[in-house]
Amino acid sequence: MFDTPTDHTEAAERPLRPAVARGFRRRCPHCGAGPILEGYLTLRRRCNVCGEDLSHARADDGPAYLTILIVGHLMAPLLHWFYVAFRPEPLVLATIFCTFTAGLSLYLLPRIKGAMVGFQWAKRMHGF
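Residue positions within a chain follow its written sequence, with the count starting from 1. Since the coordinates come from a predicted model, pLDDT governs what is reported: local features require at least 70, and pairs of side-chain atoms require 80 or more to be given and counted, while whole-chain, interface and lining totals use all residues. Values reported for side chains reflect all heavy atoms of the structure, with hydrogen atoms and water molecules removed beforehand.

Some thoughts on the pattern of salt bridges
A side-chain nitrogen of Lys or Arg and a carboxyl oxygen of Asp or Glu constitute a salt bridge if their distance falls within 4 Å. Within the structure shown, the criterion is met by one salt bridge. Across the pair Arg58 and Asp60 runs a salt bridge, and its minimum N-O distance is 3.4 Å. Owing to a relative accessible area of 58%, Asp60 belongs among the exposed residues under this scheme. The rule is simple: take the accessible area with a 1.4 Å probe, protein chains only, and divide by the maximum for that residue type; under 20% is buried, over 50% is exposed, in between is partly exposed.

Dropping the structure here:
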């Protein structure tokens, strides 16, 4: 039913923390040198440096959900604190927080996708 690896190098555990950290930096989880993304969110099929196959990684909607979760949990208390402390005009408050929320979301999204791909690579999750 499941394929068991016959080669000892294939069966060896891959380190999780370095793979996720490399992915967060948008680098190949195997070598840490090659870029993992072709564009903003398009995953490369292979690493340009080490040739590691990355076509099996399936992040799908996970990075978007995690980005919303992280940004929401950071911005909601900050919005409350800012409003209570400074009492800005509603339009000023909306402009500031919409800008920061969009900027933080755009910054985190490809990095979280890289981290998820690194996690999948380390755990040998081949799109199942």
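After presenting the structure, the write-up continues.
Quick look at helix α3 (residues 62-86)
Between its terminal C-alpha atoms α3 stretches 36 Å, which fits the 36 Å expected from 25 residues at 1.5 Å a residue. Taken together, the buried positions of α3 are Gly62, Pro63, Thr67, Val71 and Met75. Contact criterion: two residues are considered in contact whenever any of their non-hydrogen atoms come within 4.5 Å of each other. We count a stretch as a helix when DSSP gives it H or I for four or more residues in a row; a strand needs E for two or more, and each element gets its number in order from the N terminus. Buried positions along α3 lie against α4 (90-122). Backbone geometry just after α3 places Arg87 at a positive phi near 50°. By this rule the span expected of a helix is its residue count minus one, scaled by 1.5 Å.

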